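# Architecture and fold: a report
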Amino acid sequence: MFDVQALRNEFPILKREVHGRPLIYLDNAATSQKPRSVIEAECHYYEVMNANIHRGVHTLSQEATDAFEGARDKVRDFLNARQREEIIFTRGATEAINLVAHSWGRSQLKPGDEILVSEMEHHANIVPWQMLCEATGAVLKVIPIDERGALVAGAVASLINPRTRLVGITQVSNALGTVNPVAEIIRLAHQVGAVVLLDGAQAVPHMAVDVTALDCDFYVFSGHKLYGPTGIGVLYGKRSLLEKMPPYQGGGDMISQVTFRKTTYNQLPYKFEAGTPHIAGVVGLGAAIDFVLSVGLKAIAAHEDRLLTYATQQAEGFEGLKIIGTVPGKASILSFVLKGVHPHDIGTILDSEGVAIRTGHHCAMPVMDHYGVPATARASFALYNTAEEVDALFGALRRVEELFLK
Amino acid sequence: MSDLRDLYQEVIFDHNRHPRNFGPLVGANRHADGFNPLCGDRLTLNLQVQDGVIQDVRFEGSGCAISTASASLMTEALKGKTEAEATVLFEGFHHMVMGEKTTVDLGKLAVLAGVSEFPARVKCASLAWHTLNAALKNESDPVSTE
Ligand SMILES: Cc1ncc(COP(=O)(O)O)c(C=O)c1O
């Protein structure tokens, strides 16, 4: 049974107060809080087995290597990748996308080739492709979104063409909550021989992902939005693609043999993991995956859906409030603007009531431009949030109204 | 935390709702754009400076209550000031919002002192002033005011 109170007890930070009020943390799309098991896994790693990996014969190094590689197996299972060699650890979703843009992109693209992204992408899935286009002469094309925040119907099919080499698209939008029809996009892209990179940063905390069933070519996510540590993320890539890609960074661990005449590279996945990695972070990510699976992604999604539905009902009854992103079946993100009050002021007033939300452009400036707003306020829900917290959010919004509009 | 009312004083609401000196400025000879990438606030500042004296100043743009009120109050404070006096005000204002002591008489601008207790909002209050600094530095670059 999904017992939210019991789950809340697993998150030490939820006991703290902010400005003398209980913390109500509704900024989960930016980063989620960490359960004790994740904090303890990192701590345990440092207290008991800290050593460098893949290089020592001593006991600690062996144990650290086992913990690190054990987490890789957990990620493989979590994404249902075919092989552990297809799981590359990075600093986060951002670095994973940059890795693909740099390594795959620069070795594959020529002038006139096209990269297709959507208007709702996070800057992390825009800027690396712009840089790649600048370097290679490829052209960036954009799938537009409609008023609800969905991809314009038919736009993907009409934009994909034989020049399209890569489609980079978010599975769930961080600014709108929109869940994209990625299976269909992958099918269309593959018809013209393009590869697809899915940005799963917002998806993995809310839904089970099966990269084999999806048949995507690359998949990226960050640990810290999945109740795991910051500074660690994952790139999944199909082995056939990864094998052909040149290394991203050079250094230790990614080589097989180094002479000044010639250096040969290590095999997958190490070819893409130069230098000492964030070992504790990887161990923590493994613990986060264990945690999420123990709660169950279906139960998490159902709980968050209930919260979103409840919050949306209240939002719709709130005078002057406009929800930004109204596609049915959204993930647990409620982005909104309030007539006459800038989101930044909303953020400060809510904070004084202990309510943490995000205000700003959410690293998705093109989405703000689309809606003609400089910024939005965004509440995003996680497995530990409650209906009472949604009430508190709207109570605090009433206070904003009192201060500003009376 | 410090009271929200220290930050959001009536004067600030007033200037937010009815910004003074808002709109384009015909005959401006100093100009700068300010942008706060954190929150998306944008501000355009136009000044008409003659013989080192700020004859007129107007601003345009969109921002939060703090940045709008700060820009509005700034334009009021600047009219008739010399560039040297404006620079002194800029420094005094900067010290005030950073929570540091200042001997500069800030007049009405003092209603923004509460910002120093809200570190995340210091940039909002400072945007107009940094834009002013840039505008005064761009010397006699003519700006088009269609
Ligand atoms: C959809 C999406 N993509 C990518 C990122 C970038 O993630 P990170 O900053 O962890 O690399 C984020 C984080 O906000 C996101 O929401």
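As shown above, the structure is provided for reference.
Notes on the structure follow. (Residues numbered from 1 in each chain as written. Chains lettered and ligands numbered in written order. Predicted model: local features only at pLDDT ≥ 70, side-chain atom pairs only at ≥ 80, totals over all residues. Heavy atoms only, no water.)

On to the overall build of chain A. A count of helices and strands for chain A gives 14 helices and 17 strands. In terms of overall size, chain A behaves like a compact globule, its C-alpha atoms giving a radius of gyration of 22 Å where 406 residues would be expected to give roughly 22 Å. Along the longest, intermediate and shortest principal axes, the C-alpha atoms of chain A span 75 × 55 × 35 Å. A burial count over chain A gives 58% of its 406 residues as buried. Contacts spanning at least 24 positions in sequence make up 71% of the contacts within chain A whose residues lie at least 6 apart. Accessible surface for chain A amounts to roughly 16000 Å². Of this, 53% is attributable to carbon and sulfur atoms. Across chain A, the centroid of the 37 positively charged side chains sits 5 Å from that of the 44 negatively charged ones. (Helix = DSSP H or I, 4+ residues; strand = E, 2+ residues; numbered from the N terminus. Rg over C-alpha atoms; globule rule 2.2 N^0.38 Å. Buried < 20%, exposed > 50% of the residue type's maximum accessible area, 1.4 Å probe, protein only. Contact = heavy atoms within 4.5 Å. Areas by Shrake-Rupley, 256 points an atom, 1.4 Å probe, with all protein chains shown as cover. Lys, Arg positive; Asp, Glu negative; His and termini not counted. Charge placed at Lys NZ, Arg CZ, Asp CG, Glu CD.)

With that out of the way, let us pick up helix H12 (residues 343-352) of chain A. All names here are of chain A. The element H12 is largely enclosed, with a buried count of nine among its ten residues. Among the residues making up H12, those that are buried are Pro-343, His-344, Asp-345, Ile-346, Gly-347, Thr-348, Ile-349, Leu-350 and Ser-352. One or two steps after H12, the chain reaches Gly-354, where phi turns positive at roughly 85 degrees.

Residue and element names in this part refer to chain A. Across the sheet, which stays open at both edges, the seven strands sit in the order E4-E10-E9-E8-E7-E5-E6 with mixed pairing between neighbours. With partners counted over all chains shown, the strands left at the sheet margins are strand E4 (87-90) and strand E6 (139-143), one partner each. On average, each strand axis in the sheet is inclined to that of its neighbour by 20 degrees, with strand direction left out of account. Note that E4 and strand E10 (residues 233-237) share four bridges and pair antiparallel. Counted as the bridge partner of Phe-89 is Val-234 from E10. (Pairing = 2+ DSSP bridges. Axes fitted to C-alpha atoms, helices over the stretch in contact; angles between N-to-C directions.)

For the rest of this paragraph, the subject is empty space enclosed by the protein. According to the stated counting rule, one finds two cavities of 30 Å³ or more in the structure shown. The space that makes up the largest cavity amounts to roughly 90 Å³. For the lining of the largest cavity, the domains that each give at least three residues are domain 1 (4-30 + 296-405) and domain 2 (39-294) of chain A. Within this model, the second largest cavity holds a volume of roughly 40 Å³. What lines the second largest cavity is simply B:Asp41, B:Arg42, B:Leu43, B:Phe59, B:Gly61, B:Ser62, B:Gly63, B:Ser67, B:Thr68 and B:Leu127. When residues of the lining of the second largest cavity are traced back to their parent elements, those giving at least two are strand E2 (41-50), strand E3 (53-62) and helix H3 (65-78) of chain B. Classifying every residue of the lining of the second largest cavity gives three nonpolar, five polar and two charged. (1 Å grid on protein atoms, 1.4 Å probe; cavity = no way out; pocket = protein on both sides within 12 Å on 5 of 7 lines; lining within 4 Å. Points joined across faces, edges and corners; volume = space filled by probe spheres on them. Domains from an automatic or database assignment. Nonpolar A, V, L, I, M, F, W, Y, C, P; charged D, E, K, R; others polar.)

The next thing to look at is the interface of chain A and chain B. In this complex, chain A contributes 16 residues to the contact, which on the side of chain B involves 23 residues. Considering only the surface of chain A that becomes buried against chain B, A:His344, A:Leu403 and A:Phe404 emerge as the three largest contributors, covering 35% of it. Taken together, the connections running from chain A to chain B amount to one salt bridge. Across the pair A:Asp345 and B:Arg121 runs a salt bridge whose closest N-O atoms are separated by 2.8 Å. Linking chain A with chain B are seven residue pairs in polar contact (both at pLDDT 80 or more). Only H12 and helix H14 (387-405) of chain A provide two or more residues apiece to the side of chain A that touches chain B. The element that contributes the greatest number of residues to the side of chain A that touches chain B is H12(A), accounting for five residues. Taken together, the residues of the side of chain A that touches chain B sort by class into six nonpolar, seven polar and three charged. (Buried area = accessible area lost by both parts, 1.4 Å probe. Salt bridge = Lys/Arg side-chain N within 4 Å of Asp/Glu carboxyl O. Polar contact = N/O pair within 3.5 Å; in protein donor to acceptor, adjacent residues only side chain to side chain.)

Let us now look at the site of the ligand. All names here are of chain A. Taken together, 13 residues form the shell around the ligand, and within it Thr-94, Asp-199, Ser-222, His-224 and Lys-225 come nearest. His-122 is positioned with one of its side-chain polar atoms (N or O) 3.1 Å from an oxygen atom of the ligand. Within the side chain of Lys-225, a nitrogen or oxygen atom sits 2.5 Å from an oxygen atom of the ligand. Relative to its unbound accessible surface of 390 Å², the ligand loses 85% to contact with the protein. (Near = heavy atom within 4 Å.)

Residue and element names in this part refer to chain A. Strand order across the open sheet formed by four strands is E13-E14-E17-E16, with antiparallel pairing between neighbours. One side of each edge strand has no neighbouring strand; the edge strands of this open sheet are strand E13 (321-324) and strand E16 (358-360). For this sheet the average axis-to-axis angle between neighbouring strands, irrespective of direction, equals 30 degrees. Pairing between strand E14 (residues 333-338) and strand E17 (residues 376-380): four bridges, direction antiparallel.

What follows deals with the pairing of strand E5 (residues 114-118) of chain A. Sheet faces and side chains relate simply in a regular strand, where the side chains alternate between the two faces. Residues and elements named next belong to chain A. Across the five residues of E5, five count as buried, placing the element largely inside the fold. Residues Glu-114, Leu-116 and Ser-118 line one face of E5 and the alternating positions Ile-115 and Val-117 line the opposite face, and both faces are buried. Summarising the sheet, E5 and E6 pair through five bridges and their orientation is parallel. Within E6, the residue paired with Ile-115 across the bridge is Leu-140. Across three bridges, E5 lies against strand E7 (residues 164-170) in parallel orientation. What sits directly across from Leu-116, in E7, is Val-167.

The next thing to look at is the layout of surface pockets. Any space left empty among the atoms is revealed by the rolling of a water-sized probe across them. Roughly 470 Å³ of internal volume is contained in the largest pocket. What lines the largest pocket is a set of 20 residues, among which A:Gly347, A:Thr348, A:Asp351, A:Thr359 and B:Ala120 lie closest to the centre. The element that contributes the greatest number of residues to the lining of the largest pocket is H12(A), accounting for five residues.

What follows deals with unusual backbone geometry. Residues and elements named next belong to chain A. Here the residue pair Leu-268 and Pro-269 is connected by a cis peptide bond, since its omega of -5 degrees sits within 30 degrees of zero. Backbone geometry places Asp-253, a non-glycine residue, at a positive phi of 75 degrees. Here Asp-253 is to be found in the loop between helix H9 (239-244) and strand E11 (255-258). For Asp-253, a relative accessible area of 13% puts it in the buried group. For His-362, which is not glycine, the phi dihedral falls at a positive 60 degrees. Structurally, His-362 can be placed in the loop between E16 and helix H13 (365-371). Judged by its relative accessible area of 0%, His-362 is buried.

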